[in-house]
Amino acid sequence: MDMLIKLYESAGNWATGDDRSHPEIVLRKPRGSEHTLLERWVEDCIAPIWLSEVRAALTNRPVTLFIALRDTDILGFACYDATARGFIGPIGVVESARNQGIGSALLLACLQDMRSAGYGYAIAGHVGAPDFFRRVAGAIEIPDSTPGFYAGMLR
Ligand SMILES: CC(C)(COP(=O)(O)OP(=O)(O)OC[C@H]1O[C@@H](n2cnc3c(N)ncnc32)[C@H](O)[C@@H]1OP(=O)(O)O)[C@@H](O)C(=O)NCCC(=O)NCCS
């Protein structure tokens, strides 16, 4: 199932996760010198299947991927324009750091970046956690979107 997120009326409506925010956690885009390490981390700590999309996002200029860091530990990532233009995701947070608002912060960072880039909507493709996208970004289901864009995808 794919979901649609409105970017144009989002500023006041998005939940920010501020009540659980952690000032020691930094959100930023990775530097070129960090790409290989980040790819290894995605493969080892998150999901090898997402490596292709992470590479696509890292190849975009500007890069369309954010990481969340505590010191030099990567806690999570989110990207857009990776599966296809206008698509948000994949997004992943290490298990030990979940439910602390990090996923929300990463998703919102991507959505804000998309809005700045001129997008009106974002599409969350093949959503594995629909309630997360509903809660954080007001995402709504796109009818008849299974398998939708992903039909015939190589596996
Ligand atoms: C989905 C994911 C990125 C969320 O990251 P997180 O840091 O735990 O999320 P947050 O702490 O910011 O949670 C924000 C809200 O979403 C809810 N939420 C978090 N994960 C959820 C999930 N898997 N399903 C439904 N709701 C979820 C939280 O309860 C919270 O709601 P609240 O504000 O009412 O308490 C993380 O669970 C993850 O990496 N999962 C495995 C990969 C995955 O499924 N990615 C999405 C593929 S579409």
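Check the entry above for the structure.
Remember, predicted model here, so these are calculated numbers, not experimental data. (Residues numbered from 1 in each chain as written. Predicted model: local features only at pLDDT ≥ 70, side-chain atom pairs only at ≥ 80, totals over all residues. Heavy atoms only, no water.)

Caption draft 1: Representation of the site of the ligand. Around the ligand sit 20 residues in total, of which V93, N99, G103, S104 and R135 are the nearest. A distance of 2.8 Å separates an oxygen atom of the ligand from a polar backbone atom of V93. Taking N99, its main chain carries an N or O atom lying 2.8 Å from an oxygen atom of the ligand. Coverage of the ligand by the protein amounts to 72% of the 890 Å² it exposes when considered alone. Looking at the shell around the ligand, the elements that each hand over two or more residues are β5 (87-93), α3 (102-117) and α4 (130-137). When residues of the shell around the ligand are assigned to their parent elements, the largest contribution, five residues, is made by α4. (Near = heavy atom within 4 Å. Polar contact = N/O pair within 3.5 Å; in protein donor to acceptor, adjacent residues only side chain to side chain. Areas by Shrake-Rupley, 256 points an atom, 1.4 Å probe, with all protein chains shown as cover. Helix = DSSP H or I, 4+ residues; strand = E, 2+ residues; numbered from the N terminus.)

Caption draft 2: Representation of the side chain of S104 in the model. Relative to the helices and strands, S104 is located in helix α3. Not counting chain neighbours up to four residues away, the residues in contact with S104 comprise F132 and V136. (Contact = heavy atoms within 4.5 Å.)

Caption draft 3: Region of the structure containing the pattern of salt bridges. What the rule picks out here adds up to six salt bridges. Between R28 and E34 there is a salt bridge, with its nearest N and O atoms 2.8 Å apart. The partner of D131 in a salt bridge is R134, with the nearest N and O atoms 2.5 Å apart. One end of the pair is D131 and the other is R134, both in helix α4 and three residues apart, which spans about a single turn. By relative accessible area, which is 49% here, D131 ends up partly exposed. Through salt bridges that share partners, R28, R31 and E34 make up one connected network. (Salt bridge = Lys/Arg side-chain N within 4 Å of Asp/Glu carboxyl O. Buried < 20%, exposed > 50% of the residue type's maximum accessible area, 1.4 Å probe, protein only.)

Caption draft 4: Expanded view of the pairing of strand β4 (residues 73-80). A large share of β4 lies buried, amounting to six of its eight residues. Two elements, strand β3 (residues 65-70) and β4, share six bridges in a ladder whose sense is antiparallel. Paired with A68 across the bridge in β4 is G76. Between β3 and β4, which pair antiparallel in sequence order, lie two residues; one of them, D71, sits at a positive phi of approximately 55°. Direction of pairing for β4 relative to β5: antiparallel, over a ladder of four bridges. Bridge pairing links G76 to V93 in β5. Between the end of β4 and the start of β5, which pair antiparallel, lie six residues, with D81 showing a positive phi angle near 50°. (Pairing = 2+ DSSP bridges.)

Caption draft 5: Fine view of α3. A rise of 1.5 Å per residue sets the reference length of α3, with its 16 residues, at 22 Å; its end C-alpha atoms lie 23 Å apart and thus fit the reference within 8%. Taken together, the buried positions of α3 are I102, G103, S104, L106, L107, L108, A109, C110, L111 and M114. Immediately beyond the C-terminal end of α3, within one or two residues, lies G118, with a positive phi of roughly 105°. (Expected span 1.5 Å × (residues − 1).)

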